[in-house]
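Residues per chain are reported as follows:
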Amino acid sequence: MTNLRKLFWEKYTLDQLTPAEWEALCDSCAKCCLMKITDEEKIFITNISCKNLQVSDCTCSDYSNREKKVKDCLKLTKDNLQKNLKFLPSSCSYKLIDEGKPLPQWHHLISEDKEIVHKLNQSIKNYCVSEALVDQKDYEDHIVAEITEK
Ligand code: SF4
Ligand code: SF4
């Protein structure tokens, strides 16, 4: 991580991050890759992961083309973060920094361990089921959380 400024997540605002720092901030939890169901008032989060997520290692199978391949892919940018904050888990690194909170000690930028997010069950690895394996009529059975503000 040679092109990242030392402790950039503590010293700079999100707007001040370089593209490499913005990318490095993600903890790879993949919680934002869970399918959502919406109605007029609520957003329901399921434990169903996007078909592009490789459940075995919790990575996107086509990360560089993700928003072209998956219409609902939440590709966070400085410009769209604010309107998407409500879709992000409270643990999301971008949300924490936006709220002026510190990153957890296990975050790979601090621990220098990219696997620890999975070892500590902070990711959706071993928790989600792929979209490819779930019939759409059964989605409601997979709801695990809801967001009331839309
Ligand atoms: S929820 Fe936030 S930290 Fe987790 S994978 Fe998505 S963007 Fe990265
Ligand atoms: S396409 Fe987007 S939502 Fe799907 S796995 Fe890749 S990053 Fe996650």
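What comes next concerns the included structure.

Analysis parameters
- Residues numbered from 1 in each chain as written.
- Chains lettered and ligands numbered in written order.
- Predicted model: local features only at pLDDT ≥ 70, side-chain atom pairs only at ≥ 80, totals over all residues.
- Heavy atoms only, no water.
- Phe/Tyr/Trp six-rings, centres within 6.5 Å; stacked < 30°, edge-to-face > 60°.
- Buried < 20%, exposed > 50% of the residue type's maximum accessible area, 1.4 Å probe, protein only.
- Helix = DSSP H or I, 4+ residues; strand = E, 2+ residues; numbered from the N terminus.
- Contact = heavy atoms within 4.5 Å.
- Near = heavy atom within 4 Å.
- 1 Å grid on protein atoms, 1.4 Å probe; cavity = no way out; pocket = protein on both sides within 12 Å on 5 of 7 lines; lining within 4 Å.
- Sits in = over half its atoms within 2 Å of the grid points.
- Nonpolar A, V, L, I, M, F, W, Y, C, P; charged D, E, K, R; others polar.

1. Topic: the packing of aromatic side chains
Line of reasoning, step 1. Under the criterion given, the structure shown has two aromatic pairs.
Line of reasoning, step 2. For the pair Phe8 and Trp9, a centre-to-centre distance of 5.2 Å together with 85° between the ring planes defines the contact as edge-to-face.
Line of reasoning, step 3. On the accessibility criterion, Phe8 (0% relative accessible area) is buried.
Line of reasoning, step 4. Ring geometry for Trp22 and Tyr94: centres 4.7 Å apart, planes at 45°, overall tilted.

2. Concerning the environment of Leu96
Line of reasoning, step 1. Residue position: Leu96 is located in helix 5 (residues 93-98).
Line of reasoning, step 2. Judged by relative accessible area, which is 11%, Leu96 ranks as buried.
Line of reasoning, step 3. Ignoring anything within four residues of it in the chain, the contact list for Leu96 reads Ser90, Ser91, Lys101, Pro102, Leu103 and Pro104.

3. Things to note about the site of ligand 1
Line of reasoning, step 1. Neighbouring ligand 1 are Cys26, Asp27, Cys29, Ala30, Cys32, Leu76, Pro89, Cys92, Ser93 and Tyr94.
Line of reasoning, step 2. When atom positions are compared with the pocket grids, ligand 1 is found to occupy the largest pocket.
Line of reasoning, step 3. For the shell around ligand 1, the residue count by class is eight nonpolar, one polar and one charged.

4. Observations concerning the site of ligand 2
Line of reasoning, step 1. Around ligand 2, the surrounding shell consists of Cys33, Cys50, Asn52, Leu53, Cys60, Arg66, Val70 and Cys73.
Line of reasoning, step 2. In a pocket analysis with a 2 Å cut-off to the grid points, ligand 2 is assigned to the largest pocket.
Line of reasoning, step 3. Taken together, the residues of the shell around ligand 2 break down into six nonpolar, one polar and one charged.

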